[in-house]
Amino acid sequence: MNLDDRKWKIVQRHLGYSDDDIAQSFNSVYSRPGKLIQSGLFATLLIWAAIFWLLFSFIAPKVEASEPEQLTVALTGKYPPFSFYDQDGELTGFDVDVSRGVAQELGLDIKIIATEWDGILAGLLSGKFDAIIGSMAITAEREKQVDFSRPYYVSGAQLFVNAENDTEIGSINDLAGRRVGAVLGETFEHYLTEKHPKIETVTYKSTVDIYQDMLNGRLDGFVTDRLVGGYQIQSAKMPFRPAGPLLYREQMGIPMAPGHPILLARINQALEALESSGFMADLHRKWFGPVAADNAAVRSGEMSNRTIALMLLEGFGVTIGIACLSLLCGFLLAVPAGVVLHGKPSPLLLIVRTTVDFVRGTPVLIQLFFVYFGAPQIGLTISPVTSAIITLSINGAAYMAEVVRSGLMAVPPGQKLAARALGLSHFKVFRFVVWPQAFRIAIPALVNSSVALLKDTALVSVISVAEVVRQAQSIISVTYNPMKFYFIVALMFFVFTYPLMKFAGRWEKALKKRGYADD
Amino acid sequence: MIKVTGLEFTYPDGTTALADISIDLSFDDDEHITAIVGPSGSGKTTLLQCLARFLTPGQGSIEIDGIPAISMSEAQFRSKVGVVFQNLNLFPHLNVLDNLTLAPVEVAGMDKGDAEREAMEMLERVGVSNLVRSYPSQLSGGQAQRVAIARALVLKPDFLLLDEPTSALDINTTNALAELLEDLHSSTNFIIVTHDIPFVRKVAKRAVLIQGGRVVSHDLVEKVMHLFLQQNENR
């Protein structure tokens, strides 16, 4: 019995399937990985990556595949039991153990990056990490972009429905015209849209969100990995049951960016070694065996309050840090930009005007991806946090430049004239008379920009910065309580933004009282 | 002495504000206030802005004590000619004392302490020394005007241009202003642009009447006023 088959037996045992069931699912339409259409966002990112590649390939000399001293792998950290955060807030799970095992076999240090699933391939292609050990199914479509290792485990797609309400649903065919959930970018989503067009497929960021909508009655069912679904339902005590046979079988591999044949070969060797040494079998027992649910390290749904508080506070620290640095850099950029915008027409004004309009007219999320995935294309290796600060600084600068401009406009021209009449030079007129007034006038709007920027930091979670929203998502992936933790995060933001907004209001009143900009 | 010769000014929109202005404004100990009067749209404000070098005339020249204004550096010119604006333009973010010391410190490079001492003296002379720490928004119209005059005078200009100084004042403060200008005459001569005839009668000995961008009369106040009133009646 080869190893795949042995693992498959374990899967079967765990799922309670007979060989006939499996055979049936093999003969079904999806027994082989078919052609898959990537999700819109993902495709966009790839197009961007391609554009960047074309634009900058002549600038950045192509680095020959060299062997890293450290193996950097990516996974989501939101896919229990394959990857999730344990009670102490540490990454753990089947994929995490596999990553460590592989690194050990290779004799390399391991660095594990938790990132969003819908940007994970783009991250791999832009060199953010060496490989993805995150339960990625091997598909023909993906194989066009990346090189996969040999499969390291096998699972399959399973429909789950509400155990109490939907006893009449026997298989996927009973769900035509109903709403079925899947995680955006996962193969299950493509399977549903392609093979079951009559079903309304609803996409989510993570299975946690799917469970919530199942409980809310917004979904009639969902398709996910049989192992994951079974594990999560059991550990989170969710009232769902599998319906029908496996929809199709999936082989999970480790994708790498093309052009690293040596590393690929070594990883394959490592996987083989792990299989023959019984390491993989042990892992299966640990995570999916009969005792798995009793294993303290595995048990989900629990996290100590202290860990939660620490994770949230740490995350909020990162949030505030990013916001403050971005504000500072943004403001320093905004002042000269605002002065140029307020000035006489010139080529410089045209450039600044266009840049400001472009930044203001495009989504921050896209700008974030642009910087995060684009920087490596021009040979810049910047961390997610740096990418976030650069993006938010530029974005904040664009908005604040407009505020500075209108502040300057609100200073009566007579002020400038009076200062000139006293003999002040152009610079001193600006420094001592125009700017202090413009700044005071601009303060309420600047504070509002700061509030907006602080809130925009929440988007940074998509490029795997461990700020407060991402920390909350990690906590939710274990505790399954999105309402509670998103509310806490909202409160954390509000505690900061509310005094700022109050301050802006008071300042505005004080300005009127002190006779600014009203004549 | 300010000598204006053949001054012409046309705005970018084609309106000719000053057609041909030639006047000699000379002052002595006895006569340190000259008024420039004229109806609205006569060009008197444009003339003031040319005299203050905020506008550059298309034709003609302005000489300050024999030196063409155009050849003077900005610092040199501003030390000779001061301006008090119609709406005063006090700096709202600075208190009265800082309004007065900004230019002495930043332009003349004066020590901050010296500048404050001189500013205090000047505020005493104009009678508002109790307001040093106040902000412009806390001042009455008359007080603000005295501060504006003091701000111009701390730089010790030879000539001070006042644009419609009485436009925002009631009759009592106008009279007080007239007395103040009388008291202040020392090294500074005043050129007052206004259409407030009673005020001109009170403070000035000679006046220039401008109409349609031309000098109609430059004479003793009574004669000019007579002419001005006559012309206004004829219109």
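Residues numbered from 1 in each chain as written. Chains lettered and ligands numbered in written order. Predicted model: local features only at pLDDT ≥ 70, side-chain atom pairs only at ≥ 80, totals over all residues. Heavy atoms only, no water.

1. Topic: the overall build of chain B
Inference 1: Counting its regular elements, chain B contains eight helices and ten strands.
Inference 2: Scored against the burial criterion, the 235 residues of chain B give a buried share of 52%.
Inference 3: Taking as baseline every contact in chain B between residues at least 6 positions apart, the subset at least 24 positions apart corresponds to 67%.
Inference 4: Just so you have it, chain B exposes about 10300 Å², and 47% of that area is on carbon and sulfur atoms. (Helix = DSSP H or I, 4+ residues; strand = E, 2+ residues; numbered from the N terminus. Buried < 20%, exposed > 50% of the residue type's maximum accessible area, 1.4 Å probe, protein only. Contact = heavy atoms within 4.5 Å. Areas by Shrake-Rupley, 256 points an atom, 1.4 Å probe, with all protein chains shown as cover.)

2. A closer look at the pairing of strand S1 (residues 70-75) of chain A
Residue and element names in this part refer to chain A.
Inference 1: In terms of burial, S1 is largely enclosed, as five of its six residues are buried.
Inference 2: Inspection of the sheet shows S1 paired to strand S4 (residues 109-114) by six bridges, in the parallel sense. The residue of S4 that forms the bridge with Thr-72 is Lys-111.
Inference 3: Relative to strand S5 (residues 131-132), S1 runs parallel, the two being bridged by two bridges. By the bridge assignment, Ala-74 is partnered in S5 with Ile-132. (Pairing = 2+ DSSP bridges.)

3. A short note on the side chain of B:Thr166
Residue and element names in this part refer to chain B.
Inference 1: For Thr-166, the position within the fold is in the loop between strand S7 (159-163) and helix H6 (171-184).
Inference 2: By relative accessible area, which is 7% here, Thr-166 ends up buried.
Inference 3: Ignoring sequence-local partners within four residues, the contact set of Thr-166 consists of Thr-174, Leu-177, Thr-194, Asp-196 and Phe-199.

4. Observations concerning H6(B)
All names here are of chain B.
Inference 1: The first and last C-alpha atoms of H6 sit 20 Å apart over 14 residues, in line with the 20 Å expected at 1.5 Å per residue.
Inference 2: Turning to H6, the residues buried within the fold contact strand S3 (33-37), helix H4 (112-125), helix H5 (141-153), strand S8 (189-194) and helix H7 (197-203).
Inference 3: For H6, the N-terminal cap is Asp-170; the gap from its side-chain oxygen to the backbone nitrogen of Asn-172 is 3.2 Å. (Expected span 1.5 Å × (residues − 1). Polar contact = N/O pair within 3.5 Å; in protein donor to acceptor, adjacent residues only side chain to side chain.)

5. As for the side chain of A:Thr457
All names here are of chain A.
Inference 1: Take Thr-457: it is sitting in the loop between helix H17 (426-456) and helix H18 (468-479).
Inference 2: Overall, the relative accessible area of 0% leaves Thr-457 in the buried class.
Inference 3: Reaching out from Thr-457, the side chain makes a polar contact with the backbone oxygen of Leu-454 at a distance of 2.5 Å.
Inference 4: The contact partners of Thr-457, leaving out residues within four places of it in the chain, are Thr-319, Ile-322, Ala-323, Leu-392, Glu-467 and Phe-493.

6. Some thoughts on the environment of A:Lys428
Inference 1: Secondary-structure assignment places A:Lys428 in helix H17.
Inference 2: Every residue in contact with A:Lys428, bar those within four places of it in the chain, is listed here: A:Val433 and B:Glu106.

7. A short note on the environment of B:Val200
All names here are of chain B.
Inference 1: Secondary-structure assignment places Val-200 in helix H7.
Inference 2: Between the C-alpha atom of Val-200 and that of Ala-178, which follows or precedes it by 22 residues, the distance is 8.9 Å.
Inference 3: With residues up to four places along the chain from it excluded, the contact list for Val-200 reads Ala-35, Val-37, Thr-194, Val-221 and Met-225.

8. So, a nonpolar patch on the surface
Residue and element names in this part refer to chain A.
Inference 1: Nonpolar side chains collect at one region of the surface, where Phe-487, Leu-491, Phe-494, Tyr-498 and Met-501 lie side by side and expose about 500 Å² of accessible area between them.
Inference 2: For Tyr-498, the location among the structural elements is in helix H19 (residues 482-513).
Inference 3: Overall, Tyr-498 belongs to the partly exposed group, its relative accessible area being 40%. (Patch = residues over 30% accessible without salt bridge, like charges linked within 9 Å, V, L, I, M, F, W, Y side chains within 5 Å. Salt bridge = Lys/Arg side-chain N within 4 Å of Asp/Glu carboxyl O.)

9. Regarding the pattern of salt bridges
Inference 1: Counted under the stated rule, the structure contains 25 salt bridges over all chains.
Inference 2: Between A:Glu275 and A:Arg150 there is a salt bridge; the shortest N-O distance is 2.9 Å. Residue A:Glu275 is found in helix H10 (residues 261-276), and its partner A:Arg150 is found in the loop between strand S7 (147-148) and strand S8 (153-162); the two are separated by 125 residues along the sequence.
Inference 3: The salt bridge partner of B:Asp65 is B:Lys80, with a shortest N-O separation of 3.9 Å. Placement of the pair is B:Asp65 in the loop between strand S4 (59-64) and strand S5 (67-68) and B:Lys80 in helix H2 (residues 74-80), with a sequence separation of 15 residues.
Inference 4: For B:Asp65, a relative accessible area of 39% corresponds to the partly exposed category.
Inference 5: Through salt bridges with shared partners, one network takes in A:Lys78, A:Glu116, A:Asp118, A:Lys205 and A:Arg470.

10. Observations regarding the packing of helix H12 (residues 305-342) of chain A against helix H13 (residues 347-360) of chain A
Residue and element names in this part refer to chain A.
Inference 1: Taken N-terminus to C-terminus, the directions of H12 and H13 make an angle of 120°; their axes are 9 Å apart at the nearest point. When the axes of H12 and H13 are compared, the pair comes out oblique. Once H12 is placed against H13, the crossing between them reads as left-handed. Residues Ala-337, Val-340 and Leu-341 of H12 lie in contact with H13, whose contacting residues are Leu-348, Leu-349, Val-352, Arg-353 and Val-356.
Inference 2: Split into classes, the residues belonging to the contact of H12 with H13 amount to seven nonpolar, no polar and one charged. (Axes fitted to C-alpha atoms, helices over the stretch in contact; angles between N-to-C directions. Parallel < 35°, antiparallel > 145°, perpendicular 65-115°, else oblique. Left-handed = near helix turned anticlockwise from the far one by under 90°. Nonpolar A, V, L, I, M, F, W, Y, C, P; charged D, E, K, R; others polar.)

11. Let's talk about the nonpolar core
Nonpolar side chains tend to gather and get buried jointly when the protein is soluble and globular.
Inference 1: Core analysis: the largest hydrophobic core is formed by 101 residues, its most contacted members being A:Phe94, A:Val102, A:Tyr152, A:Leu159, A:Val223, A:Leu312 and A:Ile463.
Inference 2: By residue number, the principal contributor to this core is H12(A), which donates seven residues. (Core = buried A, V, L, I, M, F, W, Y, C linked by side-chain atoms within 4.5 Å.)

12. Some details on the interface of chain B and chain A
Inference 1: With 20 residues of chain B at the interface, the matching set in chain A holds 20 residues.
Inference 2: A buried area of about 1900 Å², summed over both sides, lies between chain B and chain A, and 63% of it is on carbon and sulfur atoms.
Inference 3: Three residues, B:Pro92, B:His93 and B:Glu106, lead the burial of chain B against chain A; their summed loss comes to 30% of the area buried on that side.
Inference 4: Taken together, chain B and chain A are joined by one salt bridge.
Inference 5: With a shortest N-O distance of 3.5 Å, B:Glu106 and A:Lys428 are connected by a salt bridge.
Inference 6: Between chain B and chain A we count five residue pairs in polar contact (both at pLDDT 80 or more) in total.
Inference 7: Elements with a minimum of two residues in the side of chain B that touches chain A: H2, strand S6 (81-84) and helix H3 (96-106) of chain B.
Inference 8: For the side of chain B that touches chain A, the element with the most residues is H3(B), which contributes three residues.
Inference 9: Partitioned by chemical class, the residues of the side of chain B that touches chain A number twelve nonpolar, three polar and five charged. (Buried area = accessible area lost by both parts, 1.4 Å probe.)

13. So, the packing of aromatic side chains
Inference 1: According to the stated counting rule, one finds 26 aromatic pairs over all chains in the structure shown.
Inference 2: Centre to centre, the rings of A:Phe222 and A:Phe240 are 5.5 Å apart; their planes meet at 80°, and the pair counts as edge-to-face. Placement of the pair is A:Phe222 in strand S11 (residues 221-225) and A:Phe240 in strand S12 (residues 240-253), with a sequence separation of 18 residues.
Inference 3: Consider the rings of A:Phe503 and A:Trp507, whose centres lie 5.7 Å apart with planes at 50°: the pair is tilted. Of this pair, A:Phe503 and A:Trp507 both sit in helix H19, four residues apart, which is roughly one turn of that helix.
Inference 4: Through a chain of ring-to-ring contacts, three or more aromatic side chains come together here, namely A:Tyr79, A:Phe82, A:Phe94, A:Tyr152 and A:Tyr153.
Inference 5: One cation-aromatic arrangement involves B:Arg151 over B:Phe91; the distance from NZ or CZ to the ring centre is 4.4 Å. (Phe/Tyr/Trp six-rings, centres within 6.5 Å; stacked < 30°, edge-to-face > 60°. Lys NZ or Arg CZ within 6 Å of the ring centre and 35° of its normal.)

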